[in-house]
Amino acid sequence: MTAGTAGAPRRGARGAARKRSTLAAAAAAAFVAVAASGGALVLAGPAAAATTLRAEAEADGRYFGVAVGQGDLGNGTATNVAGTQFDMVTPENEMKWDTIEPSNGSYNFGPGDAIVNFATSHNERVRGHNLVWHSQLPGWVTSLPLSQVKAAMEAHITTEVSHYKGKIYAWDVVNEPFNDDGSFRQDVFYNAFGGGAAYIADALRTAHAADPNAKLYINDYNIEGSGAKSDAMYNLAQTLLQQGAPLNGIGFESHFIVGQVPSSLASNMQRFTALGLDVAVTELDDRMQTPASSANLQQQATDDANIVKVCLANAHCPGVTQWNISDADSWVPGTFSGWGAATMFDGNYQPKAAYNAVLAALAGGSVPPPSTPPPTTSSPPTSPPPTSPSATASTPASGTCQVSDAINAWNNGLTANITVTNNSGTAINGWSLAFTLPSGQSLVSAWNATITPASGAVTATNLGYNASIPAGGTVSFGFQVSHTGNTSAPASFTLNGTACTSG
Ligand code: G3I
């Protein structure tokens, strides 16, 4: 990356109609020919140089990024993949507050500089991550009298952004400002500014003053699909733009579970970009229970390719970043015991089915990105896109539905996959499944159905493509909730007003 080029992605020559279906196969062949040499990964074969995630993404005018940690830099196999497959780097931890300013006014840029130097030497740009976050925040900040927090935050932002001025494509200025129910996290910054969006607007203005050419993002998870948290981010973005705050983009972190990519990803991305913002996929991974099954690896390939297609279909999605280089480096197993295999490269840095599927998706072309950056100032609010209408419901006879569920819980969240079987003997066209969420559970996101409200007695309604359940057929959908300790399964299912049996 060259100083001063940290702006819009390079415009590619590939149009939407261009297809290169042989590329993925060529890439797979090239990887089969990988040979270890002196501890480094060497790609053999004529396709190797031409076919990489970065080359394909650049042909679409996008980037393909990766999170790299300082520990990765000493691993030749890891740096070979990171340095050849990707063209954007996010420091995994090295630009966070606890590393950069471990004590008040004392700055430590060495680890972050090492990541920037790695990126630059491989002609890769950098997403700065992050400036203001409740986590990985040194104790001295949380111990400050609230009256001193604003000055400390502004000094931290100014010093860090100035140090990296001209070297950063985009900053995650504020990271993860929301709780899963869409309320603001009441961290030290929120409290010091008296609540609301005030600290975020101030952080954006401070960062913009230090490097006017860097794109400025707010980044969060569980905002990728429609729901309370996504709505909160949308409302925040509107508020900030109306105030003229220098907000350029929203980061959809995209830490997914196989088979559970929100069905509203594309429409949700579109409503943000309709505000004049970019939306980048900033921390993609797609985890599964380990050891990985071949079915889950194939589902991961489908998921990752679909996510990339959603980005390519939106002219204001500048790129996708994978969180960690390979399954060997991924943060997932350390956080979710028994889960992993979340990236496109396995524990030996070999490409998985997901890699080939993503390459094929990239080779399929895209809506061209804009040649000029989108506006950064306020634009009139737009309504969310209309949802597809449900088909007209036909009511099944009493006692003709059966519901089964599968629950995966962790310390403060769980996912539920629900399967409804139509035993009525006639097809159902259009369905609403009412059920009860146990107390303390609050909806975070849903897939393959729309679910409202967020807690208590809720109703899941079909989407346009799964409105019909044939006689004897099934439909499956799922959701994620946050919980406060109660991990019970949902109960009391009724399908179009008729009670279902469970099991
Ligand atoms: O540096 C210390 C080391 O001195 C100590 O010996 C060791 C003992 O556990 O901990 C080391 O710190 C760890 C740090 O990563 C650096 O390796 C922390 O314990 C560990 O919690 C921290 O985890 C990071 C996590 O953010 C913290 O929230 C992960 O590596 C990093 O991948 C992850 O990244 C976040 C994004 O920033 C924001 N979005 C979610 C994403 C995944 O959680």
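Check the entry above for the structure.
Just so you know, these numbers come straight off a predicted model, no measurement behind them. Every chain begins its residue count from 1, and numbering advances along the sequence as written. The predicted nature of this model means local features are confined to residues of pLDDT at least 70 and side-chain atom pairs, given and counted, to a pLDDT of 80 or more, with totals for whole chains, interfaces and linings taken over all residues. As a convention, hydrogens and water are excluded, and side-chain values are obtained from all of the structure's heavy atoms.

**Some points on the sheet that holds strand β19 (residues 457–461)**
Two strands qualify as a pair provided that DSSP identifies no fewer than 2 bridges between them. Strands here are runs of E lasting at least two residues and helices are runs of H or I lasting at least four, both read from the DSSP assignment and numbered beginning at the N terminus. The sheet built from 5 strands is open, its strands ordered β18-β19-β16-β22-β23 with antiparallel pairing. Of all the strands in the sheet, just β18 (450–452) and β23 (498–499) have a single pairing partner and so form its edges. Bridge count between strand β22 (residues 491–495) and β23: 2 bridges; the pairing is antiparallel. Following the sheet pairing, L495 is matched in β23 by T498.

**What to know about the packing of aromatic side chains**
Geometry of aromatic contacts follows a simple scheme: Phe, Tyr and Trp rings, the Trp one being its six-membered ring, pair when their centres are within 6.5 Å, and the pair is stacked under 30 degrees between planes, edge-to-face over 60, tilted otherwise. Across all of its chains, the model carries 19 aromatic pairs by this definition. With a centroid separation of 5.7 Å and 85° between ring planes, the pair formed by F252 and F272 is classed as edge-to-face. Of this pair, F252 sits in strand β8 (residues 249–252) while F272 sits in helix α12 (residues 265–273), and the two are 20 residues apart along the sequence. Only protein chains enter the accessibility calculation, which uses a 1.4 Å probe; a residue whose area is less than 20% of its type maximum is buried, one above 50% is exposed, and one in between is partly exposed. A relative accessible area of 0% means that F252 is categorised as buried. In this structure F272 comes out as buried when scored by relative accessible area, which is 0%. These aromatic residues form a ring-pair network of at least three members: W431, F435, F477, F479 and F493. Sitting above the plane of the Y169 ring, R125 keeps its charged end 4.7 Å from the centroid. Directly above the aromatic system of F336 lies the positively charged group of R287, at a separation of 3.8 Å from the ring centroid. Two limits define a charge over a ring: the Lys NZ or Arg CZ must be within 6 Å of the ring centre, and within 35 degrees of the ring normal.

**A word on the pairing of β8**
Burial along β8 is two-sided: G249 and G251 facing one way and I250 and F252 facing the other are all buried. Sheet topology note: the strand β7 (residues 215–220)/β8 ladder contains 4 bridges and is parallel. Note that in β8 the partner of D220 across the bridge is F252. Read from β7 through helix α11 (residues 228–242) to β8, the crossover connection turns out right-handed. Consider the strands pointing away from the viewer: the crossover is right-handed when the path from the first strand over the helix to the second runs clockwise.

**Considerations on the state of the cysteines**
Cysteine sulfur atoms are paired as a disulfide whenever they come within 2.5 Å of each other. The final tally for this structure, using the stated rule, is 2 disulfides. Note on cysteine connectivity: C311 is disulfide-linked to C317, with sulfurs 2.0 Å apart. The chirality of the disulfide connecting C311 with C317 is left-handed, given an S-S dihedral of about -100°. We note that C311, like C317, is buried. Linked covalently through their sulfurs, C401 and C500 form a disulfide whose S-S length is 2.1 Å.

**Thoughts on the nonpolar core**
Take the buried Ala, Val, Leu, Ile, Met, Phe, Trp, Tyr and Cys residues and link them wherever side-chain atoms come within 4.5 Å; each set so joined is a nonpolar core. Counting residues in hydrophobic clusters, the biggest one holds 93 residues, and the most contacted among them are L53, F64, W171, F189, L240 and I250. Leaving out residues up to four positions away in the same chain, F64 has contacts with L53, R54, A57, F86, D87, M88, V308, V320, M344, V358 and L362. C401, V475, F493 and C500 belong to the second largest nonpolar core, which has 25 residues in total. In this description, contact between two residues means that some pair of their heavy atoms is separated by no more than 4.5 Å.

**Notes on unusual backbone geometry**
Following H129, the chain continues to N130 via a peptide bond in cis, the omega torsion being -10°. Looking at the element boundaries, N130 is found in strand β5 (residues 125–132). Omega for the peptide link from T290 to P291 comes to 0°, which places this bond in the cis form. As for its placement among the helices and strands, P291 is situated in the loop between β10 (278–289) and α13 (294–312). Phi at N324 takes a positive value of approximately 90°, unusual for a residue other than glycine. Mapping N324 onto the fold places it in the loop between β11 (319–322) and α14 (332–335). Looking at N324, the relative accessible area reads 0%, which means it is buried. Even without a glycine there, the phi angle at Y349 is positive, about 65°. Tracing the backbone shows Y349 in the loop between β12 (339–340) and α15 (353–363).

**Concerning α15**
Among all positions in α15, only A354, Y355, V358, L359, A361, L362 and A363 are buried. The first or second residue beyond α15 is G365, which carries a positive phi of 95°.

**Some remarks on the side chain of R127**
Inspection of the secondary structure puts R127 in strand β5. Polar contact criterion, stated in full: a pair of N or O atoms within 3.5 Å, where within protein one must be able to donate a hydrogen and the other to accept it, and residues adjacent in sequence count only if both atoms are side-chain atoms. A polar contact of 3.0 Å, which involves the side chain of R127, links it to the side chain of D172. Sequence-distant contacts of R127, defined by excluding residues within four places in its chain, comprise Y63, M88, V89, T90, P91, I168, Y169, A170, D172, Y217, T282 and T321.

**Considering the packing of helix α8 (residues 149–163) against helix α10 (residues 198–210)**
Between the N-to-C directions of two axes lies an angle of 0 to 180 degrees, each axis being a line fitted to C-alpha atoms and, for a helix, fitted only over the stretch in contact. At a closest axis distance of 8 Å, the pairing of α8 and α10 adopts a crossing angle of 35°. Remark: the crossing between α8 and α10 carries right-handed chirality. In this structure, α8 uses K150, M153, E154, I157, T158, V161 and S162 to contact α10, whose residues at the interface are Y199, D202, A203, T206, A207 and A210. Within the contact of α8 with α10, the residues separate by chemical class into 7 nonpolar, 3 polar and 3 charged. Working rule for handedness: look at the near helix, and if it is turned counterclockwise from the far one by less than a right angle, call the crossing left-handed; if clockwise, right-handed. Each residue receives one of three labels: charged for Asp, Glu, Lys and Arg, nonpolar for Ala, Val, Leu, Ile, Met, Phe, Trp, Tyr, Cys and Pro, and polar for the others, Gly being one of them.

**What about the pattern of salt bridges?**
Any Lys or Arg side-chain nitrogen found within 4 Å of a carboxyl oxygen on Asp or Glu counts as a salt bridge. What the rule picks out here adds up to 9 salt bridges. A salt bridge links D231 to R271, with the shortest nitrogen-to-oxygen separation between them at 2.8 Å. With D231 in helix α11 and R271 in helix α12, this pair connects stretches of sequence that are 40 residues apart. K352 is the salt-bridge partner of D327, the closest N and O atoms lying 2.7 Å from each other. In this pair, D327 is assigned in the loop between β11 and α14 and K352 in the loop between β12 and α15, connecting sequence segments 25 residues apart. The pair D327 / K352 is uniform in exposure class, with both members buried.

**A word on the site of the ligand**
Around the ligand lies a shell of 14 residues, among which E92, K96, H129, E176 and E283 are the nearest. With respect to the ligand, the side chain of W323 contributes an N or O atom lying 3.0 Å from an oxygen atom. Residue classes in the shell around the ligand are distributed as 3 nonpolar, 6 polar and 5 charged. What makes a residue near a molecule or strand is one non-hydrogen atom of that residue sitting within 4 Å of it.

These results come straight from atomic positions and should not be treated as a statement about function.
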